[in-house]
Amino acid sequence: AQTVTQSQPEMSVQEAETVTLSCTYDTSESDYYLFWYKQPPSRQMILVIRQEAYKQQNATENRFSVNFQKAAKSFSLKISDSQLGDAAMYFCAYRNYGQNFVFGPGTRLSVLP
Amino acid sequence: SQTIHQWPATLVQPVGSPLSLECTVEGTSNPNLYWYRQAAGRGLQLLFYSVGIGQISSEVPQNLSASRPQDRQFILSSKKLLLSDSGFYLCAWRDPGRTEAFFGQGTRLTVV
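Since the model is a prediction, treat every value here as computed from it, not as a measurement.

Caption draft 1: Spotlight on the sheet that holds strand 8 (residues 73-78) of chain B. Residues and elements named next belong to chain B. Taken in spatial order, the four strands line up as 1-3-8-7 in an open sheet, and their pairing is antiparallel. One side of each edge strand has no neighbouring strand; the edge strands of this open sheet are strand 1 (3-7) and strand 7 (65-70). Strand after strand, the sheet turns through a mean of 20° between neighbouring axes, direction not considered. Bridge count for strand 1 against strand 3 (residues 19-26) is five bridges, and the pairing is antiparallel. The residue of strand 3 that forms the bridge with Gln-6 is Cys-23.

Caption draft 2: Here's a closer look at the pairing of strand 4 (residues 32-38) of chain B. Residues and elements named next belong to chain B. Counting buried residues along strand 4, seven of its seven residues qualify, which places the element largely inside the surrounding structure. The alternating pattern of strand 4 places Asn-32, Tyr-34, Tyr-36 and Gln-38 on one face and Leu-33, Trp-35 and Arg-37 on the opposite face, and all of these are buried. Alignment of strand 4 against strand 9 (residues 87-94), held across seven bridges, turns out to be antiparallel. In the strand pairing of strand 9, Gln-38 is matched with Phe-88. Both strand 4 and strand 5 (residues 44-52) contribute to a ladder of six bridges, which runs antiparallel. Note that in strand 5 the partner of Tyr-34 across the bridge is Tyr-49.

Cut-offs used in this document
Residues numbered from 1 in each chain as written. Chains lettered and ligands numbered in written order. Predicted model: local features only at pLDDT ≥ 70, side-chain atom pairs only at ≥ 80, totals over all residues. Heavy atoms only, no water. Pairing = 2+ DSSP bridges. Helix = DSSP H or I, 4+ residues; strand = E, 2+ residues; numbered from the N terminus. Axes fitted to C-alpha atoms, helices over the stretch in contact; angles between N-to-C directions. Buried < 20%, exposed > 50% of the residue type's maximum accessible area, 1.4 Å probe, protein only.

Spelled out as structure tokens, the structure:
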């Protein structure tokens, strides 16, 4: 079964600085999708960024970018110019074609003013 | 545009009482629908998913059941709640032709 690991239960970053959240996953498939979701204090899950495994180019969405290392099965999220509103739980997720999502345990990010 | 509605937002129920949480999606047809539970400070546990009306798959055997009486309606139920059913419940949907899932605002259930 596929598993997703986030080894950092908590992280903190100074406002305006850059932070990287780690995610590794285990799969025997070659085609799949990876996601980062954000869960602010309101607890609604919000999609931050997604990556298709067949794409070599790393996905970017404004201040958010990923470092996708397929061979290493690593999918880290970089947040640049951190803002107070970025404080949240961040979940890494995996989905194989035709399968359901598998979520990691989450990383709680604090942004310090 | 597509939207998802989940209610109620907060619920306090006594042990042994029934439960019904409802989720509806607008602006799409034949979505994949999901119910997740999130314990405090923990990740998401998939409870049920559905790929069509009347088609329900259970991921974890427990005191809960799900139904999909209409294409865009997904209901989570229990006949008798347990203390261990307390948690945060999230409904989600995915267009079968797309990659990502979108979540409702969640229901915080406290069983007392």
